[in-house]
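# Chains, contacts and geometry: an overview
Next come the chains, spelled out residue by residue.
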Amino acid sequence: FTVDALNTLVTFPLFVINGRKWALEAVTPKEETIPPSEADRPAFKQLWELFMVAYEGYFGFTLSTLACIYKYPETIPCFGYSLFALYAYKHFAVQNKKLGATQDDQKLNWIRFFFLPGYGGYCVLHLLEQFGR
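In this report, the structure presented in the accompanying data block is examined. Each residue is numbered by its place in its chain's sequence as written, counting from 1. Selection of residues for local features in this predicted model requires a pLDDT of at least 70, selection of side-chain atom pairs for listing and counting requires 80 or more, and totals for whole chains, interfaces and linings are taken over all residues. Side-chain metrics rest on all non-hydrogen atoms present in the structure, leaving aside hydrogens and water.

All right, on to the packing of helix H1 (residues 2-27) against helix H2 (residues 42-71) then. Comment: axis = line fitted to C-alpha atoms, over the contacting stretch for helices; angle = value between 0 and 180 degrees taken between N-to-C directions. Secondary structure elements follow DSSP: runs of H or I no shorter than four residues count as helices, runs of E no shorter than two count as strands, and numbering proceeds from the N terminus. Relative orientation of the contacting elements H1 and H2 amounts to 160 degrees, with a least axis distance of 10 Å. In this view, H1 runs roughly antiparallel relative to H2, as classed from their interaxial angle. Here H1 and H2 pass one another in a crossing that is left-handed. Under the grouping applied here, Gly and all other residues not named as nonpolar or charged are polar, the nonpolar ones being Ala, Val, Leu, Ile, Met, Phe, Trp, Tyr, Cys and Pro and the charged ones Asp, Glu, Lys and Arg. Across the contact of H1 with H2, the residue classes tally to 17 nonpolar, five polar and four charged. Every angle not falling under 35 degrees, over 145, or within 65 to 115 is termed oblique; those three ranges are roughly parallel, roughly antiparallel and roughly perpendicular. Helix crossings fall into two classes, left-handed where the near helix is turned counterclockwise from the far one by less than a right angle and right-handed where it is turned clockwise.

Listed below in structure tokens is the structure:
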């Protein structure tokens, strides 16, 4: 979870400080050209606000989870299972939506070979510890 927390603690402030034009440029695939003026369209502004509300919530969740697991280590399994479920759903969503082929493949590889094995492995080990006695 610490990797997720570090990622969120770095990227959320970048989005807040640099704004929607920077974000549009950062997420646009290299082979496409989208003018920065697209970030000024009302529809993009509304999507940006919605995205930031969701990201603020995730940022808050990350901070509270981080504080919780260090203050109350017995809560780690709850967060491990919830993050495994989150990444399992994210895998399903990215695989079935096909929004951007290259970026989707990179996301799927991270999910398949890092997040699912990490959180899934933790869940399996926790279940073995709990019920394998």
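With respect to the helices and strands, Cys 123 occurs in helix H4 (residues 101-131). For each residue, the accessible area found with a 1.4 Å probe, counting protein chains only, is set against the maximum for its type, and the residue is called buried under 20%, exposed over 50%, and partly exposed in between. The exposure class of Cys 123 is buried, given its relative accessible area of 6%. Along the sequence, Cys 123 and Asp 4 sit 119 residues apart, while their C-alpha atoms lie 17 Å from each other. Every residue pair with non-hydrogen atoms within 4.5 Å of one another is taken to be in contact. Setting aside its immediate chain neighbours within four residues, Cys 123 contacts Gly 80, Tyr 81 and Phe 84.

With that settled, consider the pattern of salt bridges. Two side chains of opposite charge can pair, provided their charged atoms sit close to one another. For salt bridges, the criterion is a side-chain nitrogen of Lys or Arg within 4 Å of an Asp or Glu carboxyl oxygen. One pass over the structure, following the stated rule, counts three salt bridges. Between Arg 20 and Asp 40 there is a salt bridge, with the nearest N and O atoms lying 3.3 Å from each other. In this pair, Arg 20 is assigned in helix H1 and Asp 40 in the loop between H1 and H2, connecting sequence segments 20 residues apart. Assessed through its relative accessible area of 24%, Arg 20 is described here as partly exposed. With a relative accessible area of 33%, Asp 40 lands in the partly exposed category. Among the salt bridges present, the one from Arg 41 reaches Glu 38, with a minimum N-O distance of 2.9 Å. Given the relative accessible area of 46%, Arg 41 is considered partly exposed.

This paragraph deals with the environment of Ala 43. Looking at the secondary structure, you find Ala 43 in helix H2. Exposure remark for Ala 43: the relative accessible area of 43% places this residue in the partly exposed category. Expressed as a C-alpha distance, the spacing of Ala 43 and Leu 86, which sit 43 residues apart in the sequence, is 28 Å.

With that settled, consider the layout of surface pockets. Points on a 1 Å grid, built from protein atoms alone, make a cavity when a 1.4 Å probe fits but cannot get out and make a pocket when they are open with protein on both sides within 12 Å along at least 5 of 7 lines; residues with an atom within 4 Å of a point are the lining residues. Grid points are joined across faces, edges and corners, and a volume is the space filled by probe spheres set on the points. Put simply, the largest pocket is a space of about 1,900 Å³. Counting only elements with at least two residues in the lining of the largest pocket, the list comes to H1, H2, helix H3 (76-97) and H4. With ten residues, the top contributor of residues to the lining of the largest pocket is H1.

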